[in-house]
Amino acid sequence: MDQGSVRRGGGFGRGCLIFLGVLLAMALAAGVTAWVVGRAAVDRLIGGPDPVTVAAASLQGLREQNRLSAFAARYVAVVTTTQTRLGLSARKTMIMPGSVRYEVDLGRLNQRDVIWDAGTKKLTIALPPLDVVGPDVDLNNIREYGEGGVLMALTDSEDRLDAANRAAGQKELIRQAREPTPMRLAKDATRRAVERSFAMPLRAAGMDVTVEAYFPDERSSQDRERWDVSRSIEQVMKDRETRQAQKK
């Protein structure tokens, strides 16, 4: 009769080597692209800079980036699996390092997600949910320790133990990656990258505008009420098209 048990080691404070890197290059690339697109839009305007048109151009530049990965972290999972067969037991422990990326799908952003408040000169962006991508296991640095060589020599227990540890290790890496502290840091990095991408062309055009981005789970009831009565840049652009059509 087989008996298998898995013991996962390491919480966020013990099993994770976090904050290996913030992928600033990708975030800056999104910002620079948005600035170039936004600057071109400003130059085409008649009668001076227009924040709605600049924001729409910046949005298009971000969408063309497809996915933004502004944060990455490295973790270490420690897992142990035990198996009992034929009156014998065997146990293996695996130390599995791996990295995880935190991404948002910018292709999901649209004009309805960007709100311009002319009264307060504030641009608000509703971001898509943050995705945890990975883990990318560092195969070269996996370490294993075992007990019960007799059972492993007589049966396929070692293969089973290794397979169980690999599966448990990957789950443990993802569990660590989803803990509150790294998720908060990843959201902060992503939020800053997106806000900078919208703010740069606006400031380059000489406009003093506040830019604020947030994730779906960060919206308070007050935010939702304000969002419901505010006008998105999609609505503003449609109104302009309607007025221009009526003039013709």
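In this report, we go over the structure that sits alongside the text.

**What about the overall build of the chain?**
Reasoning step 1: Each helix and strand counted, the chain has 8 helices and 8 strands in total.
Reasoning step 2: Relative to its full complement of 248 residues, the chain shows a buried share of 44%.
Reasoning step 3: Across the chain, every contact between residues at least 6 apart in sequence was considered, and the portion connecting residues at least 24 apart equals 83%.

**So, a nonpolar patch on the surface**
Reasoning step 1: A contiguous nonpolar surface patch, about 280 Å² in accessible area, is contributed by Leu 88, Val 150 and Leu 154.
Reasoning step 2: By the element assignment, Leu 154 lies in helix H4 (residues 149–154).
Reasoning step 3: The exposed category is assigned to Leu 154, whose relative accessible area is 63%.

**Some points on the pattern of salt bridges**
Here the idea is simple: oppositely charged side chains can pair when their charged atoms come close.
Reasoning step 1: Taken as a whole and judged by the stated rule, the model has 18 salt bridges.
Reasoning step 2: Salt-bridge contacts for Asp 131 lead to Arg 67; the nearest nitrogen and oxygen are separated by 2.9 Å. Of the two residues, Asp 131 sits in strand S6 (residues 131–137) while Arg 67 sits in strand S2 (residues 67–85), which places them 64 residues apart along the sequence.
Reasoning step 3: Among the residues examined, Asp 131 registers a relative accessible area of 28% and is labelled partly exposed.
Reasoning step 4: For the salt bridge of Asp 156 with Arg 160, the shortest nitrogen-to-oxygen distance reads 3.4 Å.
Reasoning step 5: Judged by relative accessible area, which is 35%, Asp 156 ranks as partly exposed.
Reasoning step 6: With relative accessibility at 40%, the residue Arg 160 sits in the partly exposed group.
Reasoning step 7: Each of Arg 67, Arg 101, Glu 103, Asp 131 and Asp 136 takes part in one network of salt bridges that share partners.

**Notes on the nonpolar core**
Reasoning step 1: Counting residues in each nonpolar core, the largest one holds 46 residues, and the members touching the most others are Tyr 102, Leu 123, Ile 125, Phe 198 and Val 211.
Reasoning step 2: Elements with a contribution of two residues or more to this core: helix H3 (51–64), S2, strand S3 (88–105), strand S4 (114–117), strand S5 (122–126), helix H5 (157–177), helix H6 (180–204) and strand S8 (210–214).
Reasoning step 3: Looking at which element gives the most residues to this core, the answer is H6, with 8 residues.
Reasoning step 4: Dropping the residues within four chain positions of it, Leu 123 is found in contact with Ala 55, Val 114, Ile 115, Trp 116, Phe 198, Leu 202, Val 209, Thr 210, Val 211 and Glu 212.

**Details of unusual backbone geometry**
Reasoning step 1: The linkage connecting Gly 134 with the following residue, Pro 135, adopts the cis geometry, with an omega of 5°.
Reasoning step 2: The topology assignment puts Pro 135 in strand S6.
Reasoning step 3: Unlike most non-glycine residues, Asn 66 shows phi in positive territory, near 70°.
Reasoning step 4: Within the element layout of this structure, Asn 66 appears in the loop between H3 and S2.
Reasoning step 5: Classification of Asn 66 as partly exposed rests on a relative accessible area of 45%.
Reasoning step 6: Here the phi dihedral of Leu 86 falls at roughly 55°; this positive angle occurs in a residue that is not glycine.
Reasoning step 7: Secondary-structure assignment places Leu 86 in the loop between S2 and S3.

**Describing the side chain of Asn 165**
Reasoning step 1: Looking at the element boundaries, Asn 165 is found in helix H5.
Reasoning step 2: Looking at Asn 165, the relative accessible area reads 0%, which means it is buried.
Reasoning step 3: Every residue in contact with Asn 165, bar those within four places of it in the chain, is listed here: Val 79, Thr 80, Thr 81, Lys 92, Thr 93, Met 94 and Met 96.

Reading the values: rules and limits
- Residues numbered from 1 in each chain as written.
- Predicted model: local features only at pLDDT ≥ 70, side-chain atom pairs only at ≥ 80, totals over all residues.
- Heavy atoms only, no water.
- Helix = DSSP H or I, 4+ residues; strand = E, 2+ residues; numbered from the N terminus.
- Buried < 20%, exposed > 50% of the residue type's maximum accessible area, 1.4 Å probe, protein only.
- Contact = heavy atoms within 4.5 Å.
- Patch = residues over 30% accessible without salt bridge, like charges linked within 9 Å, V, L, I, M, F, W, Y side chains within 5 Å.
- Areas by Shrake-Rupley, 256 points an atom, 1.4 Å probe, with all protein chains shown as cover.
- Salt bridge = Lys/Arg side-chain N within 4 Å of Asp/Glu carboxyl O.
- Core = buried A, V, L, I, M, F, W, Y, C linked by side-chain atoms within 4.5 Å.

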